[in-house]
Structure formats: C-alpha cells, structure tokens
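Okay, here's what each chain looks like letter by letter:
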Amino acid sequence: MNNKYFCFIQTMTLVLCCVSYMLVFFYRYTPTVLTDQLSQSLNVTKDEISIFSSMYFWTYAAMQPIGGILSDVLSPGKLISISLLFTRALISFSTIISATGSIIMGESTDFALSCFARCLVGIGCGPIFVSSIRLAANWYSPKGYAVANGIILTMGSIGGCLAQGPLSTLCDIIDWRWSFRISTIIGFVVSILCFF
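Residues numbered from 1 in each chain as written. Predicted model: local features only at pLDDT ≥ 70, side-chain atom pairs only at ≥ 80, totals over all residues. Heavy atoms only, no water.

All right, on to helix α2 (residues 35–42) then. Where α2 is concerned, the buried positions are L38, S39 and L42. One face of α2 carries all of its buried residues, which in axial projection span an arc of 95°. Of the residues trailing α2, N43 is marked for its positive phi of about 55°. (Buried < 20%, exposed > 50% of the residue type's maximum accessible area, 1.4 Å probe, protein only. Helix = DSSP H or I, 4+ residues; strand = E, 2+ residues; numbered from the N terminus. Arc of directions from axis to C-beta.)

So, in structure tokens, the structure goes:
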C-alpha cells in the first residue's frame, strides 16, 4: 500500500468514526430539546418522556460490553485486514440500526413504538465508540492513537452540542420529524461509507 493511499484511508477511517460518534451524542441528547414536541406528538405528559429518553441509555449500556467483545473478536496481530473489515462492518451495522430507530421514532405517533425505536437507537449506538477506538488503534501509532482518540471524543461532544441549540433552531424552522429524517439520511450514508 503506497503512502498516499494509506494516509487517505487512515483519514477517511477517522472522519467516519468521528461522524458516527457525533450521531451517537446527537441521538443521546435530542429528547431533552424536543420534550414539548414529543409530548404533543405522542400524546403523553412531559414526565413520560423521561421513560422514552431512558430507553436509549439502558440499551446503550447493555451494548457496550457486547460491542467491545465483538470488535475485539479477531486479533489485529493475526489478521489485521479481516479485523478492520469486521470492525468497519460492526460500525456500519450499528449506524444502520440507530438510523432505522431514528426514522421509526420520527414517523411514529404511538408512544410504545417510539420507545421501541429509542431502544433500537441505543442498540445501534452502543458499539460505535469501542469499535472506533479499535480502528484507531489499528490505523495509528501510539502517539497518533492518542490524538485520534481525542478527536473522536471531541467530535462526539460536538454532536451533543448540535443536538441542543442548532437542533432547537432547526425545529423552529421545520417540523421536528424532519430533523429525525435528516439525521437518518446522514446515518445511512455514513453506514454505507463505513462498510466500504
């Protein structure tokens, strides 16, 4: 592999991991901004939206160890290329699950279905961080890994920031359901790019 191609793949891997992790934080914080809109659309009280919000965290937490085990199944010392493909596929699959949950949540008018969709989002988002860090460990030197890890974490925080003021402003302009549709489109595009 020549040096330019390696740098391109290395950079694309980091960019896709960053965007995936941004979506994780974006999905995590959206209910706090959309409490009023969600309670009106789903015909529930604002207190019940906390149940909806917690569905993400339960499944997200459950998927953390599973994602860690899955992303570490193949040792990079033995078969790095298969390991990278597997980890990319895991990020791709996870992003597809979270995007699917997002679109179901955006289209649903039923509270139970929305809670199920929120669970899907948590399941999809759970393995992304561990898999991203695994990819960074495979593609970067120890010093570069520390920088890549910092960049991924920073971009995740930016995703959380986007789910606050910018999302609120966007929802004042367009319907909140369209914000979920847009994030779903981004999630599907990222998942396809991650796979390849």
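Here the focus is the packing of aromatic side chains. By the definition in use, this model includes 7 aromatic pairs. Residues Y21 and F129 carry aromatic rings whose centres are separated by 5.0 Å and whose planes lie at 35° to one another, so their mutual orientation is tilted. Of the two residues, Y21 sits in helix α1 (residues 3–33) while F129 sits in helix α6 (residues 128–139), which places them 108 residues apart along the sequence. Classification of Y21 as buried rests on a relative accessible area of 6%. Each ring, one from F26 and one from Y27, has its centre 6.1 Å from the other, and the planes form 65°; the classification is edge-to-face. Residue class for Y27 comes out buried when judged on its relative accessible area of 1%. One aromatic cluster is present, formed by Y21, F25, Y29 and F129 through successive ring pairs. The ring of F25 has R28 lying over it, and the distance from NZ or CZ to the ring centre is 4.5 Å. Residue placement shows R181 over the ring face of W178; its charged tip is 4.5 Å from the ring centre. (Phe/Tyr/Trp six-rings, centres within 6.5 Å; stacked < 30°, edge-to-face > 60°. Lys NZ or Arg CZ within 6 Å of the ring centre and 35° of its normal.)

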